[in-house]
Amino acid sequence: MKAAYTIVFLIISNIFMTLAWYGHLKLQDMKITNNLPLYGIILFSWGIALFEYCFQVPANRIGFRDNGGPFSLMQLKVIQEVITLVVFTIFALLAFESEKLHWNHIAAFVCLILAVYFVFMK
């Protein structure tokens, strides 16, 4: 069950992270934040990132092997990176019409899947 909680929390965390890091670009594209100064955008993004940390930290604590979880530190990191890429790709394709998925992106995804395979090898 700890593995499932870890994965779910990492997914939620990465949704907030993607919104914090890239959501302001969509808001700018929609002409919502064009009048905000850069420090306003930074504060807005940090407000969203707070929720990222509210899920990221528990995910790592629950999932980490030394805390009774199922994953090593390296495994947690690789899982997080794959989740980040998947969440970001979905966001980019849905929010930005100019972004397209190309063969090299698929090749990169395959490499990340291989990274997960290798990090879990005994």
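Look up a bit, the structure's there.
Residues numbered from 1 in each chain as written. Predicted model: local features only at pLDDT ≥ 70, side-chain atom pairs only at ≥ 80, totals over all residues. Heavy atoms only, no water.

Each pair of packed helices can be described by the angle between their axes along with the distance between the axes. Between helix H3 (residues 73–95) and helix H4 (residues 103–120), the least distance of the axes is 9 Å, while the angle of their chain directions is 160°. Here H3 lies roughly antiparallel to H4, going by the angle between them. H4 is crossed by H3, and the crossing has left-handed handedness. Side by side, H3 and H4 meet where Met 74, Gln 75, Val 78, Ile 79, Val 82, Leu 85 and Thr 89 of the first sit next to Phe 109, Leu 112, Ala 115, Val 116, Val 119 and Phe 120 of the second. Grouping the amino acids of the contact of H3 with H4 by side-chain chemistry returns 11 nonpolar, 2 polar and no charged. (Axes fitted to C-alpha atoms, helices over the stretch in contact; angles between N-to-C directions. Helix = DSSP H or I, 4+ residues; strand = E, 2+ residues; numbered from the N terminus. Parallel < 35°, antiparallel > 145°, perpendicular 65-115°, else oblique. Left-handed = near helix turned anticlockwise from the far one by under 90°. Contact = heavy atoms within 4.5 Å. Nonpolar A, V, L, I, M, F, W, Y, C, P; charged D, E, K, R; others polar.)

Before going further, it helps to spend a moment on the environment of Ala 108. Assignment of secondary structure puts Ala 108 in helix H4. Considered as a pair, Ala 108 and Leu 10 are 98 residues apart in the sequence and their alpha carbons are 20 Å apart.

Turning our attention to the pattern of salt bridges. Under the defined criterion, the tally for this structure stands at 2 salt bridges. We note a salt bridge from Lys 26 to Asp 29, for which the minimum N-O separation is 3.5 Å. You can see Lys 26 and its partner Asp 29 sitting in helix H1 (residues 2–29), 3 residues apart, about one turn around the helix. Assessed through its relative accessible area of 17%, Lys 26 is described here as buried. A salt bridge links Lys 77 to Glu 81; the shortest N-O distance between them is 2.7 Å. Taken together, the positions of Lys 77 and Glu 81, both in helix H3 and 4 residues apart, correspond to about one turn of that helix. (Salt bridge = Lys/Arg side-chain N within 4 Å of Asp/Glu carboxyl O. Buried < 20%, exposed > 50% of the residue type's maximum accessible area, 1.4 Å probe, protein only.)

With 23 residues, H3 extends 32 Å between its outermost C-alpha atoms, agreeing within 8% with the 33 Å of an ideal straight helix rising 1.5 Å per residue. Those residues of H3 that fall on the buried side of the exposure criterion are Gln 75, Leu 76, Val 78, Ile 79, Gln 80, Ile 83, Thr 84, Val 87, Thr 89, Phe 91, Ala 92 and Ala 95. Looking at the buried residues of H3, the elements they touch are H1, helix H2 (38–63) and H4. (Expected span 1.5 Å × (residues − 1).)

A few words on the nonpolar core. Considering soluble globular proteins, one finds that nonpolar side chains tend to be buried as a cluster. Core analysis: the biggest nonpolar cluster contains 7 residues, these being Leu 10, Ala 59, Phe 71, Leu 76, Ile 79, Ile 83 and Val 87. Considering each element in turn, this core owes the most residues, 4 residues, to H3. Residue contacts for Phe 71: discarding those within four places in its chain leaves Ala 3, Thr 6, Gly 63, Phe 64, Arg 65, Leu 76, Ile 79 and Phe 120. (Core = buried A, V, L, I, M, F, W, Y, C linked by side-chain atoms within 4.5 Å.)

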